[in-house]
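Structural description and commentary
Listed below, chain by chain, are the residues.
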Amino acid sequence: MQHLQTLDAAPATSQARLVERTPSRHWSAQSTALHAHWTTLSQSDGRPWDAFDPLQWTGLLPNIWLLDVQQKPFRLKFRLVGTRIVEQIHADPTGRWLDEALPHLVDNVDFIERYRMAAIEGVPVWTIGPADIRPGNPTRAIENLILPFTVVDTKQSLLLMHSIFHGYSRRG
């Protein structure tokens, strides 16, 4: 099992975060399947966004984020945010920069580094740990898979992230 880092401390809690690049027994079935699909696409033509068909993954769409990557200075902009994520953060940040929409995460160097690694090095990053997506979040843990893509026409980097909220219970 290849680790980016064995554990890094979560900023808001004393709990640890596990970060990995390759599928392991820790990964959910959804993360493992999405990673396998990404691997197939990346082996054929690099990391082409045009080859990814979201209709094959309709069950995962409420938990999907799409982030446009600005390389210099490194910033992320929300292109699309799934409904389950909007429920979790109590806002829809679509069209906003991450540092403006979720400012409490900007100073978390490990958080930003995971996204930078996926975007710049072109490697998938999987993580599970405290759900620090918003202050006071009752979710016990969040599992994220970050997959880098390239938009062929523009050569723009795009990150697809799938999130699973552990301990999450829907209201009503």
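Note that the structure is predicted; figures quoted are calculated from it, not measured.

Topic: the overall build of the chain
- Looking only at helices and strands, the chain features four helices and seven strands.
- Going from N to C terminus, the chain has its helices and strands arranged as β-β-α-β-β-α-α-α-β-β-β.
- A total accessible area of about 8,600 Å² is found for the chain, and carbon and sulfur atoms account for 53% of it.

Section: the environment of Glu143
- In this structure, Glu143 sits in strand β6 (residues 141-151).
- As a C-alpha pair, Glu143 and Thr127 span 16 residues in sequence and 5.7 Å in three-dimensional space.
- Apart from the residues lying within four places of it in its own chain, the contact partners of Glu143 are Trp27, Ser28, Ser31, Trp126, Thr127, Ile128, His162, Ser163, Ile164 and His166.
- Side chain to side chain, Glu143 and Ser31 meet in a polar contact 3.0 Å long.
- Side-chain polar atoms of Glu143 contact the side chain of His166, separated by 3.1 Å.

Observations concerning the pattern of salt bridges
- Under the definition given, this model contains four salt bridges.
- Note that Asp68 and Arg79 form a salt bridge whose closest N and O atoms lie 2.8 Å from each other. Taken together, the residues span a long stretch of sequence, with Asp68 in strand β3 (residues 64-70) and Arg79 in strand β4 (residues 75-81) at a distance of eleven residues.
- Judged by relative accessible area, which is 15%, Asp68 ranks as buried.
- In this structure, the salt-bridge partner of Arg75 is Asp99, at a minimum N-O distance of 2.9 Å. Taken as a pair, Arg75 in strand β4 and Asp99 in helix α3 (residues 98-101) lie far apart in primary sequence, 24 residues in all.
- Taken together, the shared-partner salt bridges connect Arg75, Asp99 and Glu100 into one network.

Concerning the packing of aromatic side chains
- Throughout the structure, instances matching the rule amount to four aromatic pairs.
- The ring of Trp97 carries the charged tip of Arg75 above its face, separated from the ring centre by 4.1 Å.

Some words on the confidence of the model for the chain
- Mean pLDDT over the chain works out to 80, with 77% of the residues at or above the 70 mark.
- Averaged pLDDT values for the elements of the chain fall to 32 in strand β1 (residues 3-9) and rise to 95 in β4.
- Note that pLDDT drops below 50 for residues 1-14; the model gives that stretch 36 contacts with residues more than four away or on any other chain.
- The low-confidence segment residues 168-172 (pLDDT under 50) makes seven contacts with residues lying over four places distant or belonging to another chain.

Here's the deal with the pairing of β4
- In this structure, β3 lies alongside β4, joined through six bridges in antiparallel fashion. Pairing of Asp68 across the sheet is with Lys77, part of β4.
- The turn joining β3 and β4, which pair antiparallel and follow one another in sequence, is formed by four residues.

Observations concerning the pairing of strand β5 (residues 125-130)
- Buried residues dominate β5, accounting for five of its six residues.
- Bridge analysis of β5 against β6 gives six bridges, and the strand direction is antiparallel. Bridge pairing links Ile128 to Glu143 in β6.

Topic: the nonpolar core
- Core analysis: the largest hydrophobic core is formed by 27 residues, its most contacted members being Phe74, Leu76, Phe78, Tyr115, Ile146 and Leu159.
- Looking at this core, the elements with two or more residues in it are β3, β4, α2 (83-89), α3, α4 (109-121), β6 and β7 (156-166).
- The greatest single-element share of this core, amounting to six residues, is contributed by α4.
- The next biggest cluster of nonpolar side chains, apart from the first, holds 18 residues, and it includes Trp27, Leu34, Phe52 and Phe149.

Rules used in this analysis
Residues numbered from 1 in each chain as written. Predicted model: local features only at pLDDT ≥ 70, side-chain atom pairs only at ≥ 80, totals over all residues. Heavy atoms only, no water. Helix = DSSP H or I, 4+ residues; strand = E, 2+ residues; numbered from the N terminus. Areas by Shrake-Rupley, 256 points an atom, 1.4 Å probe, with all protein chains shown as cover. Contact = heavy atoms within 4.5 Å. Polar contact = N/O pair within 3.5 Å; in protein donor to acceptor, adjacent residues only side chain to side chain. Salt bridge = Lys/Arg side-chain N within 4 Å of Asp/Glu carboxyl O. Buried < 20%, exposed > 50% of the residue type's maximum accessible area, 1.4 Å probe, protein only. Phe/Tyr/Trp six-rings, centres within 6.5 Å; stacked < 30°, edge-to-face > 60°. Lys NZ or Arg CZ within 6 Å of the ring centre and 35° of its normal. pLDDT = per-residue confidence, 0-100. Pairing = 2+ DSSP bridges. Core = buried A, V, L, I, M, F, W, Y, C linked by side-chain atoms within 4.5 Å.

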